[in-house]
Amino acid sequence: MVDLSSAPEPDVAVPPGVIVAHGAPLDEYWLEAATFTLTEEPCADRRVVTVDSVPRVLEELTRRCRQWPVASAVCDDVLRSLDPAGATLAGLVTESLAYSTLQAGPEFARWLSQRGPARVPDSVNPVAVQRDDHVLRISFNRPERHNAFCTGTRAALLEALAVAQLDSSVTAIVLSGNGPSFCSGGDLAEFGTFADPASAHLARTRHSPALVLDELTARLGPACLAQVHGRVLGSGLEMAAFCGRVAAAPDCVLGLPELSLGLLPGAGGTVSVTRRIGRWRTAYLVLSGHTVDAGTALAWGLLDAIGFAQ
């Protein structure tokens, strides 16, 4: 932690690992060097997060980083190493290799042992697809599980997106979710069922909805639209952020909860979310585990609009 009221001189070597700056005055060197900076004053700088109580958040961050030190450090490493303006595939490969490393680590193993055995629920029609002239409407369709993302969902989503890839008459895509939430993140019942971390890495990078959404956004721009509501967490937020436009219901909550599993975002979020809000606020979402409301997400650039235009 770096107190900006008595910060070390800029020529001090910055150690690797999570660095949280706080206090005033804001210092350009530490704004750039820190994982993120906390303040209680309104600030539009994407390197800064405004919170109600800096001491309380510092205490929470200390506890979480001590509980998951490996995942915290690896997440910080990945976010610092990625170039948001660089090639999407390169970023996803970096993220996935780090994710697989953590899957083989002690913190994820601890979470698995605490969770205990889990049965993966059957997924019947996990994605609903409708074609309206030139518009392809794709909806996550596991409402009873808040559209938790599973292997079946991924396969069905890729199949639906392939229609837009192969048919140039599709000029708009609307990605949404049926039921109370857009997508609550990965289905926790399925975590730990991979054969091994290396095979899991190949599955993530060879069968990636993130890459397809990125490709379609490059072609369609804001006509590749995510309409989100309810819980927009983990992989749900990561995929939505790849869309050219994200519109949200006023009551939605957005976040990246993966650290509590001993992991980091693994569905492309270190690329997609960072492109929208910068590595600093992305790190804050992961390390703090806090969610943000629609108003904050809009101010940060995580959302493009609140409300669904007719």
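Residues numbered from 1 in each chain as written. Predicted model: local features only at pLDDT ≥ 70, side-chain atom pairs only at ≥ 80, totals over all residues. Heavy atoms only, no water.

## Description of helix H6 (residues 151-166)
For an α-helix, 3.6 residues make a turn, and residues three or four places apart therefore share a direction. Worth spelling out the cut-off: Each helix is a run of H or I in the DSSP string that is no shorter than four residues. Each strand is a run of E no shorter than two, and both are numbered from the N terminus. Between the first and last residue of a helix there are one fewer steps than residues, each counted as 1.5 Å, and that sum is the expected span. Burial here depends on accessible area, computed with a 1.4 Å probe over protein chains only, as a share of the maximum for the residue type. Under 20% is buried, over 50% is exposed, and the range in between is partly exposed. Note on definitions: a residue-residue contact is assigned when non-hydrogen atoms from the two residues lie within 4.5 Å.
For H6, which comprises 16 residues, the first-to-last C-alpha distance of 23 Å matches the rise-based estimate of 22 Å (1.5 Å per residue) to within 8%. What H6 keeps buried is the set Thr153, Arg154, Ala156, Leu157, Leu158, Ala160, Leu161 and Ala164. Along its buried surface, H6 packs onto strand E5 (127-132), strand E6 (135-140), strand E7 (172-177), helix H7 (197-206), helix H8 (209-220) and helix H9 (235-240).

## Comments concerning the sheet that holds strand E12 (residues 292-293)
Where we set the bar: Paired strands are those between which DSSP finds at least two bridges.
What the three strands build is an open sheet, ordered E9-E11-E12; its pairing is mixed. Each edge of the sheet is formed by a strand with only one pairing partner; in this case those strands are strand E9 (231-233) and E12. As paired elements, strand E11 (residues 253-255) and E12 share two bridges and run antiparallel to each other. By the bridge assignment for E12, Leu254 is matched with Val292.

## A few points about the pairing of strand E8 (residues 224-228)
For E8, the tally of buried residues reaches five of five residues, placing the bulk of the element in the interior. Here E8 shows two buried faces, one formed by Cys224, Ala226 and Val228 and the other by Leu225 and Gln227. Sheet topology note: the E8/strand E10 (residues 245-248) ladder contains four bridges and is parallel. What sits directly across from Leu225, in E10, is Arg245.

## Some remarks on empty space enclosed by the protein
Selection criterion: With a 1 Å grid spanning the protein atoms alone, the term cavity applies to any set of points in which a 1.4 Å probe fits but cannot get out, the term pocket to an open set with protein on both sides within 12 Å along at least five of seven lines, and the term lining residue to any residue with an atom within 4 Å of a point. Grid points are joined across faces, edges and corners, and a volume is the space filled by probe spheres set on the points. When residues are grouped by polarity, Ala, Val, Leu, Ile, Met, Phe, Trp, Tyr, Cys and Pro land in nonpolar, Asp, Glu, Lys and Arg in charged, and all others, Gly among them, in polar.
A complete count under the given rule lists one cavity of 30 Å³ or more for this structure. Of the pockets and cavities examined, the largest cavity occupies roughly 40 Å³. Forming the boundary of the largest cavity are Leu82, Asp83, Pro84, Gly86, Ala87, Gly91, Thr270, Val271, Thr274 and Arg275. Element by element, the count of residues in the lining of the largest cavity is highest for helix H10 (residues 269-288), at four residues. The residue inventory of the lining of the largest cavity, partitioned by class, reads four nonpolar, four polar and two charged.

## Remarks on the packing of aromatic side chains
Defined as follows: Planes of paired rings set the category: under 30 degrees apart is stacked, over 60 is edge-to-face and the rest tilted, where pairs are Phe, Tyr or Trp rings (Trp by its six-membered ring) whose centres lie within 6.5 Å.
Enumeration over the complete set of coordinates arrives at six aromatic pairs. With a centroid separation of 5.6 Å and an interplanar angle of 90°, the aromatic rings of Phe36 and Tyr284 are classed as edge-to-face. Within this pair, whereas Phe36 is found in strand E3 (residues 36-39), its partner Tyr284 is found in helix H10, the two being separated by 248 residues in sequence. Here the two residues Phe36 and Tyr284 agree in accessibility, since each one is buried. Seen in terms of ring centroids, Phe108 and Trp111 are 5.9 Å apart; in terms of plane orientation they differ by 15°. Their pairing is stacked. Linking Phe108 with Trp111, this pair stays in helix H5 (residues 106-115), spanning three residues, or about one helical turn.

## With respect to the pattern of salt bridges
For clarity, the threshold we go by: Salt bridges are counted wherever a side-chain nitrogen of Lys or Arg sits within 4 Å of a carboxyl oxygen of Asp or Glu.
Following the criterion strictly, the structure yields eleven salt bridges and no others. Where Arg47 meets Glu28, a salt bridge forms, and the shortest distance between an N and an O atom there is 2.7 Å. Here Arg47, found in the loop between E3 and strand E4 (48-50), pairs with Glu28, found in helix H1 (residues 28-33); they are 19 residues apart in sequence, far enough to count as distant. When its relative accessible area of 10% is taken as the criterion, Arg47 is described as buried. With a closest N to O distance of 3.0 Å, Arg142 and Asp187 form a salt bridge. Pair noted here: Arg142 is in the loop between E6 and H6 and Asp187 is in the loop between E7 and H7, with a separation of 45 residues, a long-range link. Of the two residues, Arg142 and Asp187, neither departs from the other in class, the shared state being buried. Each of Glu28, Glu32, Asp45 and Arg47 takes part in one network of salt bridges that share partners.

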